[in-house]
Amino acid sequence: MKRVIIAGIIILALTGCIKRVEEKSETFDDKKAIAACEQVIAEYQQALKRELVSAMTSGGPVGAIAVCNVAAPAIADSFNARPGLDIKRISLKQRNIHFAPDSLEVAVLEFFNSTVEIEPLTYSNLFTDSAGVIRFRYLKEIKVGQLCLKCHGNPEGFSSGLNAALAEKYPQDKAVGYNVGDSRGAFSVTLTFPEAEATITELLSENGR
Ligand code: HEC
């Protein structure tokens, strides 16, 4: 019920930019698409976490910044090699300015930010653009945990080495000042059809393993 209301608000906000595909919703299996998105987000999150934890263990937060700077975009690229799939992390207060949210993502992130839910919220919808291309969009909120504060918390508590490393790699960094439980941003998945059909089947079979 909540999801329906969220979708309604955002569609209203974006009337004119993006059109909802009403006629497709009866035949489109959104349960399958959502399950595939959840699966790819889980795999992506695990890959990022593995990289982060091993980089933190060997080089502390300063060393991990250098690793994340290269590894995080590379991990995204490897997932995005799958047909019809695009996954990224977005935020209203970004560290990496190359992943700026689009207008739909801004509207959803602002909504996520305005709630006090403990569990991460999700948003999904099916769209067609002016060229008739059909896309399923799925966003899942990312909450701040204790570990995240080491690099996204209050910078006054960071070592000078960490502040210097952040200033060097991310001179326009806005991703600090968070507390545990805050909304940090979201995973944003786009499935483009018909290419995504094979990717969905593959992801669902990975889920069954
Ligand atoms: C070792 C420091 C470090 C830790 C710990 C860390 N991050 Fe980050 N985070 C980064 C760096 C560096 C980037 C930019 C990566 C890039 O260039 O793509 C980033 C980017 C992000 C982004 C992408 C959006 C943006 O602002 O560019 C999100 C979302 C994010 N982090 C969430 C988290 C969460 C949630 C945690 C805790 C589970 C966490 N981070 C822990 C360093 C860290």
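Summarised in this report is the structure supplied together with it. (Residues numbered from 1 in each chain as written. Predicted model: local features only at pLDDT ≥ 70, side-chain atom pairs only at ≥ 80, totals over all residues. Heavy atoms only, no water.)

## Describing the overall build of the protein
Here comes step 1: When you go through the protein residue by residue, the secondary structure sums to six helices and five strands.
Here comes step 2: N-terminal to C-terminal, the α/β element order of the protein is α-β-α-β-α-β-β-α-α-β-α.
Here comes step 3: Per-residue burial for the protein yields a buried fraction of 41% across its 209 residues.
Here comes step 4: Working note: accessible area of the protein is about 11,300 Å², and carbon and sulfur atoms make up 56% of it. (Helix = DSSP H or I, 4+ residues; strand = E, 2+ residues; numbered from the N terminus. Buried < 20%, exposed > 50% of the residue type's maximum accessible area, 1.4 Å probe, protein only. Areas by Shrake-Rupley, 256 points an atom, 1.4 Å probe, with all protein chains shown as cover.)

## Side note on the site of the ligand
Here comes step 1: Taken together, 22 residues are adjacent to the ligand, and Arg95, Cys148, Cys151, His152 and Tyr170 come closest.
Here comes step 2: The contact in question runs from a nitrogen atom of the ligand to an N or O atom on the side chain of Arg89, over 3.4 Å.
Here comes step 3: Interatomic distance of 2.6 Å between a backbone N/O atom of Arg95 and an oxygen atom of the ligand.
Here comes step 4: Secondary structure elements with two or more residues in the shell around the ligand: α2 (30-79), β4 (134-143) and α4 (149-152).
Here comes step 5: Among the elements that line the shell around the ligand, the one with the most residues is α2, at eight residues.
Here comes step 6: Split by residue class, the shell around the ligand holds 14 nonpolar, three polar and five charged. (Near = heavy atom within 4 Å. Polar contact = N/O pair within 3.5 Å; in protein donor to acceptor, adjacent residues only side chain to side chain. Nonpolar A, V, L, I, M, F, W, Y, C, P; charged D, E, K, R; others polar.)

## Here's the deal with the coordination of the iron atom of the ligand
Tetrahedral coordination by four donors puts the ideal angle at the metal at 109.5 degrees, and octahedral coordination by six puts it at 90 or 180 degrees.
Here comes step 1: Counting protein donors to the iron atom of the ligand gives just one, His152 (NE2), placed at 2.1 Å.
Here comes step 2: In this structure, His152 sits in helix α4. (Donors = N, O, S within 2.8 Å, 3.2 Å for Na, K, Ca; no water.)

## Structural notes on the nonpolar core
Here comes step 1: Of all hydrophobic cores here, the largest spans 28 residues; its most connected members are Tyr44, Phe136, Val189, Leu191 and Phe193.
Here comes step 2: Residue assignment for this core shows that the elements contributing at least two residues are α2, β2 (85-90), β4, β5 (183-193) and α6 (196-208).
Here comes step 3: With 13 residues, α2 is the largest single contributor of residues to this core.
Here comes step 4: Among all residues touching Phe136, those that are not within four sequence positions of it are Phe28, Asp30, Ala33, Ile34, Cys37, Ser124, Asn125, Leu126, Val189, Thr190, Leu191 and Phe193. (Core = buried A, V, L, I, M, F, W, Y, C linked by side-chain atoms within 4.5 Å. Contact = heavy atoms within 4.5 Å.)

## Things to note about unusual backbone geometry
Here comes step 1: Here the bond from Phe193 into Pro194 is cis, since omega is 5°, no more than 30 degrees from zero.
Here comes step 2: Here Pro194 lies in the loop between β5 and α6.

## Considering the environment of Leu104
Here comes step 1: Looking at the element boundaries, Leu104 is found in helix α3 (residues 103-113).
Here comes step 2: Given a relative accessible area of 0%, Leu104 falls into the buried group.
Here comes step 3: Sequence separation between Leu104 and Arg137 is 33 residues, and the spatial gap between their C-alpha atoms is 9.5 Å.

## Considering the packing of aromatic side chains
Here comes step 1: For the structure shown, the criterion picks out four aromatic pairs.
Here comes step 2: Between Phe28 and Phe193, the ring centres sit 5.4 Å apart and the planes meet at 85°, which makes this aromatic pair edge-to-face. You can see Phe28 sitting in the loop between β1 (19-20) and α2 and its partner Phe193 sitting in strand β5, a full 165 residues away along the chain. Of the two residues, Phe28 and Phe193, both sit in the buried class.
Here comes step 3: Here Tyr44 and Phe187 contribute two aromatic rings whose centre-to-centre distance is 5.8 Å and whose plane-to-plane angle is 75°, an arrangement assigned as edge-to-face. Placement of Tyr44 in helix α2 and of Phe187 in strand β5 is noted, with a sequence separation of 143 residues between them. As far as burial versus exposure is concerned, Tyr44 and Phe187 are alike and both buried.
Here comes step 4: What links up through ring pairs into an aromatic cluster is the set Phe28, Phe136 and Phe193. (Phe/Tyr/Trp six-rings, centres within 6.5 Å; stacked < 30°, edge-to-face > 60°.)

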